[in-house]
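Examination of the molecular architecture
Each chain, written out:
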Amino acid sequence: MGQKIDIKNLNFSYGDKKVLKDISLSFNKGKFYSIIGPNGSGKSTLIKNISKMITPSLGSVFIDHQDICSIKNKNLAKMMAVIPQNILIDYDFTVFEIVMMGRSPYKRSFQDFDSEDEAIVERYMKATNTWDLKDQLITNLSGGETQRVIAARALSQEADIILLDELTSHLDIQYQIEFLNIFKSLKQDKIIIAILHDLNLASIYSDEIILLDKGQVIAKGSPREVINKENIKNVYHITVEIFENPISQYPYIIPIV
Ligand SMILES: Nc1ncnc2c1ncn2[C@@H]1O[C@H](COP(=O)(O)OP(=O)(O)OP(=O)(O)O)[C@@H](O)[C@H]1O
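Residues numbered from 1 in each chain as written. Predicted model: local features only at pLDDT ≥ 70, side-chain atom pairs only at ≥ 80, totals over all residues. Heavy atoms only, no water.

As annotated in an unreviewed UniProt entry, the protein carries the name ABC transporter ATP-binding protein and comes from Defluviitalea saccharophila.

Here is the structure:
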């Protein structure tokens, strides 16, 4: 389950506003994909379409050749975990309870959680450095701590597809790197799709990058194919120099100011 995602001729509008225009993309297991592009270019809207949070105006998203509209939400949650951009939790759940919710697609009720679920939750809470927060109320955490807890919950879902909508936005540089390393280390069994604003991080971590602008795919391919002066000028309207990172050999961008 969750070996391949195919997006075919996807269009999406909010009311009269066309936000995604004829997008066709494929994502395969074992790869880390980044979606990059300027503010308002449609990145989150694309992720929301892939995760069935919203429904395409035209076109379709398929997982393993099955239209996601025909997949029940509970089954979809076993295939796909989403870490959203804005996390709003108003309820007084403890951190442990929030992460345990990641196991609910496999259960009929809260009472069904067993020692295996607890072991899975503990493993991912330790990996995301949230175990020490387990008895705290989620409402009392900082933005970065909350994001780490939500990542632990998504990992506990043990889904084959992980969608990260700007996971790194609240995280300091240490956690940005730690998290991207966690997802990279998991990628051989999964499809990871991350929205990233930091083009240098996208370059280091991605097998493939998708560059969006005004709701259209402007470029897709390896970091070397996508991160070039012309594409960056075209889309972000800035002048950059591109060097080869001496350690990783990936393209490294420096804005010329
Ligand atoms: N719920 C909504 N109703 C109406 N318009 C929306 C809604 N959500 C997003 N939009 C508009 O759709 C466009 C694309 O938004 P989206 O959030 O997908 O962009 P993004 O590339 O993720 O941006 P950012 O980098 O700023 O997060 C924007 O012009 C935005 O104003």
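1. Brief notes about the sheet that holds strand E7 (residues 161–165)
Pairing between sheet strands relies on hydrogen bonds along the backbone, with the strands arranged either parallel or antiparallel. Condition: One requirement defines pairing of two strands: DSSP has to find at least two bridges between them. The numbering of helices and of strands both runs from the N terminus, where a helix is a DSSP run of H or I of at least 4 residues and a strand a run of E of at least 2. To get an axis, fit a line to the C-alpha atoms, keeping to the stretch in contact for a helix; angles then go from 0 to 180 degrees between the N-to-C directions.
Across the sheet, six strands lie side by side as E6-E7-E8-E3-E9-E10; this open sheet has mixed pairing. Because the sheet does not close on itself, it has two edges, and the strands there are strand E6 (80–83) and strand E10 (216–221). The mean inter-strand angle of the sheet, taken between neighbouring strand axes irrespective of direction, is 15 degrees. Direction of pairing for strand E3 (residues 31–36) relative to strand E8 (residues 191–195): parallel, over a ladder of five bridges.

2. Some details on the side chain of Arg-103
As a reminder, the rule being used: Throughout this description, buried means an accessible area under 20% of the type-specific maximum (1.4 Å probe, protein chains only), exposed means over 50%, and partly exposed covers the range between. Pairs of N or O atoms within 3.5 Å make up the polar contacts considered here, provided that, within protein, one atom can donate a hydrogen while the other can accept it, and that residues adjacent in sequence are counted only when both atoms are side-chain atoms. Whether two residues are in contact is decided by their heavy atoms, any of which lying within 4.5 Å being enough.
For Arg-103, the location among the structural elements is in the loop between helix H3 (95–100) and helix H4 (115–127). Its relative accessible area of 6% is what places Arg-103 among the buried residues. A distance of 2.9 Å separates a polar atom in the side chain of Arg-103 from a polar atom in the side chain of Asp-117. With near-sequence residues (within four places) excluded, Arg-103 lies in contact with Phe-113, Asp-117, Ile-120, Val-121, Ser-156, Gln-157 and Glu-158.

3. Here we look at the site of the ligand
This is how it is decided: We call a residue near a molecule or strand as soon as one heavy atom of that residue lies within 4 Å of the molecule or strand. Note on areas: Shrake-Rupley with a 1.4 Å probe; residue coverage comes only from the protein chains shown. Each residue is assigned to one of three groups, with Ala, Val, Leu, Ile, Met, Phe, Trp, Tyr, Cys and Pro labelled nonpolar, Asp, Glu, Lys and Arg labelled charged, and all others, Gly among them, labelled polar.
As a matter of local geometry, the ligand sits amid 14 residues, with Lys-17, Gly-40, Lys-43, Ser-44 and Thr-45 nearest to it. In the environment of the ligand, an oxygen atom lies 3.1 Å from a nitrogen or oxygen atom belonging to the backbone of Ser-41. A distance of 2.7 Å separates an oxygen atom of the ligand from a polar atom in the side chain of Lys-43. Considering the ligand on its own, with 640 Å² of exposed area, one finds that the protein chains cover 64% of that surface. Contributing elements (two or more residues each) for the shell around the ligand: strand E2 (17–28) and helix H1 (43–50). With three residues, H1 is the single largest residue contributor to the shell around the ligand. When the residues that make up the shell around the ligand are grouped by side-chain class, the tally is three nonpolar, eight polar and three charged.

4. A short note on the pairing of strand E4 (residues 58–63)
As paired strands, strand E1 (residues 4–14) and E4 are joined by five bridges and run antiparallel to one another. Paired with Lys-8 across the strands is Ser-60, a residue of E4. Linkage of E4 to strand E5 (residues 66–67), two consecutive antiparallel strands, is achieved through a turn of two residues, within which Asp-64 is found at a positive phi near 45 degrees.

5. Topic: the pairing of E7
Basically, it comes down to this: Crossover handedness is defined here as right-handed if the route from the first strand over the helix to the second strand goes clockwise, with the strands pointing away from the viewer.
The buried count for E7 comes to five of five residues, which makes it a mostly enclosed element. Of the two faces of E7, the one lined by Ile-161, Leu-163 and Asp-165 and the one lined by Ile-162 and Leu-164 are each fully buried. The pairing of E6 with E7 spans four bridges and is classified as parallel. Paired with Ile-83 across the strands is Leu-164, a residue of E7. Chirality of the crossover, the property in question, places the unit of E7, helix H6 (residues 173–186) and E8 among those that are right-handed.

6. Focus: the packing of helix H5 (residues 143–156) against H6
Filter applied, for reference: Here roughly perpendicular refers to angles of 65 to 115 degrees, roughly parallel to angles under 35, roughly antiparallel to angles over 145, and oblique to all remaining angles.
For the pair H5 and H6, interaxial distance at closest approach is 12 Å and the crossing angle is 5 degrees. Accordingly, the angle class assigned to the pair H5 and H6 is roughly parallel. Along the contact surface, H5 presents Arg-148, Ala-151 and Leu-155, while H6 presents Tyr-175, Phe-179, Ile-182, Phe-183 and Leu-186. Across the contact of H5 with H6, the residue classes tally to seven nonpolar, no polar and one charged.

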